[in-house]
Amino acid sequence: MKTSIFQNIMRVVLGVMMTFAGIGHLTFQRGEFQAQVPRWLPSSPAFMDFVVIASGVVEISLGLCLIFWVSKKVKIGLFLAIFYILIFPGNISQYTNGIDAFGLDTDQKRLIRLFFQPVLILWALWSTGALKYLLKKKK
């Protein structure tokens, strides 16, 4: 699927952001990310740490693929959109349980954060050409 120069730039920017976030999962933001593990999952520290590490590895992988595996960008965009959907319950859990992390220390900030997930999903689909692919496939 052909994408514009601007879409390619935004795909790389998203890839860098994902890679950086994934590194944060494994290192300096590990505790912050543990705050987003949904509270309906097992709450043992070891399990929560596993979820954070596993999602960090996925984020790094998807981020690097966004940047370098251009021939598969549509599939990667679809996978990333699905990943964003799968992790959304963590954001909802952070809001509903009033958990402070990443400077989201009020209900209002946590609620506003929820509205950015659809933006990330659209960004992933648009910047990779996956949105165009899905719309074409629908016809």
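A short tour of the structure in this document, coming up. (Residues numbered from 1 in each chain as written. Predicted model: local features only at pLDDT ≥ 70, side-chain atom pairs only at ≥ 80, totals over all residues. Heavy atoms only, no water.)

1. Let's talk about a nonpolar patch on the surface
We apply this condition: Patch definition: residues above 30% relative accessible area lacking any salt bridge, with like charges linked at up to 9 Å and the nonpolar side chains Val, Leu, Ile, Met, Phe, Trp and Tyr linked at up to 5 Å. Note on areas: Shrake-Rupley, 1.4 Å probe, and residue coverage restricted to the protein chains presented here. Here, a salt bridge means any side-chain nitrogen of Lys or Arg that lies within 4 Å of a carboxyl oxygen of Asp or Glu. Starting at the N terminus, helices and strands are each numbered in turn, a helix being any DSSP run of H or I of at least four residues and a strand any DSSP run of E of at least two. The buried label goes to any residue with under 20% of its type's maximum accessible area, the exposed label to any with over 50%, and the partly exposed label to all in between, with areas taken from a 1.4 Å probe on protein chains only.
Taken together, Ile5, Ile9, Val13 and Met17 make up a surface patch of nonpolar side chains, about 370 Å² in accessible area. Here Ile5 shows up in helix H1 (residues 5–26). Classification of Ile5 by relative accessible area gives exposed; the value is 68%.

2. Considering the environment of Ala101
Threshold: The contact definition used throughout considers only heavy atoms, calling two residues in contact when any of these lie within 4.5 Å.
With respect to the helices and strands, Ala101 occurs in the loop between helix H4 (73–96) and helix H5 (107–114). With 72 residues separating them along the chain, Ala101 and Gln29 place their C-alpha atoms 9.6 Å apart. Among residues more than four places away in sequence, those in contact with Ala101 are Glu32, Ala35 and Gln94.

3. Quick look at a positive patch on the surface
Put simply, the rule reads: Positive charge is attributed to Lys and Arg, negative charge to Asp and Glu, and no charge count is given to His or to the chain ends. A single reference atom marks each charge: NZ on Lys, CZ on Arg, CG on Asp, CD on Glu.
Judged by side-chain charge, Lys2, Lys132, Lys136 and Lys139 come together as a positively charged surface patch. With respect to the helices and strands, the residue Lys132 is situated in helix H7 (residues 130–138). A relative accessible area of 48% means that Lys132 is categorised as partly exposed.

4. Describing the nonpolar core
When a protein is soluble and globular, its nonpolar side chains tend to lie buried together. Here is the rule we go by: Put simply, a nonpolar core is a bunch of buried Ala, Val, Leu, Ile, Met, Phe, Trp, Tyr and Cys residues held in one set by side-chain atoms that sit within 4.5 Å of each other.
Counting residues in hydrophobic clusters, the biggest one holds 16 residues, and the most contacted among them are Leu14, Met18, Leu80, Phe83 and Tyr84. Elements with a minimum of two residues in this core: H1, helix H3 (45–68), H4 and helix H6 (116–128). With 6 residues, H4 is the largest single contributor of residues to this core. Not counting chain neighbours up to four residues away, the residues in contact with Leu80 comprise Leu14, Met18, Leu62, Leu66 and Ala124.

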